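So you can see what is in the structure, the chains are spelled out below.
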Amino acid sequence: MVDPTSDIGEDVTEENAPECEQCSSKIIQSTSHRVVSEIEDGRAVHHHFCSDDCHDEWLAA
Ligand SMILES: [Zn+2]
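Residues numbered from 1 in each chain as written. Predicted model: local features only at pLDDT ≥ 70, side-chain atom pairs only at ≥ 80, totals over all residues.

Going by an unreviewed UniProt entry, the protein carries the name TRASH domain-containing protein and comes from Halohasta litchfieldiae.

Below you can see the structure in the form of C-alpha cells.
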C-alpha cells in the first residue's frame with residue numbers, strides 16, 4: 001500500500017530552500033544537495049551546497 005502523505009522533506013519551496021554557499025543558487029529537491037555541519041563559535045552551522053563541485057570549490061577557497 002502506498003501512503004501519499006509520507007513524502008516528508010519534499011515540500012521544500014523557493015521560500016524555505018537553502019542557498020548554495022558557493023554559487024548562491026536555491027537548492028530545491030536537488031539529489032546532489034550536500035550539507036556540511038561545523039561548529040563555529042560553539043554552535044552548529046550548516047553549510048549547503050548544490051553539488052559536490054561547489055563543495056570542493058568552497059573547500060579550496
Ligand atoms: Zn552551487
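Next comes the rest of the description.
J.: Whenever I open this one, the overall build of the protein confuses me. Can you help?
T.: From N to C terminus, the protein includes one helix and two strands. Split into buried and exposed, the 61 residues of the protein put 8% on the buried side. Across the protein, the fraction of contacts at a sequence separation of at least 24, relative to all contacts at a separation of at least 6, is 33%. (Helix = DSSP H or I, 4+ residues; strand = E, 2+ residues; numbered from the N terminus. Buried ≥ 20, exposed ≤ 12 C-beta atoms within 10 Å, placed from the backbone. Contact = placed C-beta atoms within 7 Å.)

J.: Please explain the environment of H46 as it appears in this structure.
T.: Relative to the helices and strands, H46 is located in strand β2 (residues 43-49). Since 10 C-beta atoms lie within 10 Å of it, H46 is described here as exposed. In this structure, the C-alpha to C-alpha distance between H46 and R34, residues twelve residues apart in sequence, is 9.9 Å.

J.: Explanation requested: the pairing of β2 in the structure shown.
T.: The two faces of the sheet receive side chains in turn, since in a regular strand these alternate between them. Direction of pairing for strand β1 (residues 34-40) relative to β2: antiparallel, over a ladder of seven bridges. In the sheet register, E40 faces β2, and the bridge partner there is R43. Counting the residues between successive antiparallel strands, the hairpin from β1 to β2 contains two residues, one of them, D41, with a positive phi of roughly 55 degrees. (Pairing = 2+ DSSP bridges.)

J.: Mind showing me how you'd approach unusual backbone geometry here?
T.: Most of the time, phi is negative for any residue but glycine, and the peptide bond is trans. For S24, which is not glycine, the phi dihedral falls at a positive 65 degrees. By secondary structure assignment, the location of S24 is in the segment before β1. For S24, a count of 9 C-beta atoms within 10 Å corresponds to the exposed category. Even without a glycine there, the phi angle at D41 is positive, about 55 degrees. For D41, the location among the structural elements is in the loop between β1 and β2.

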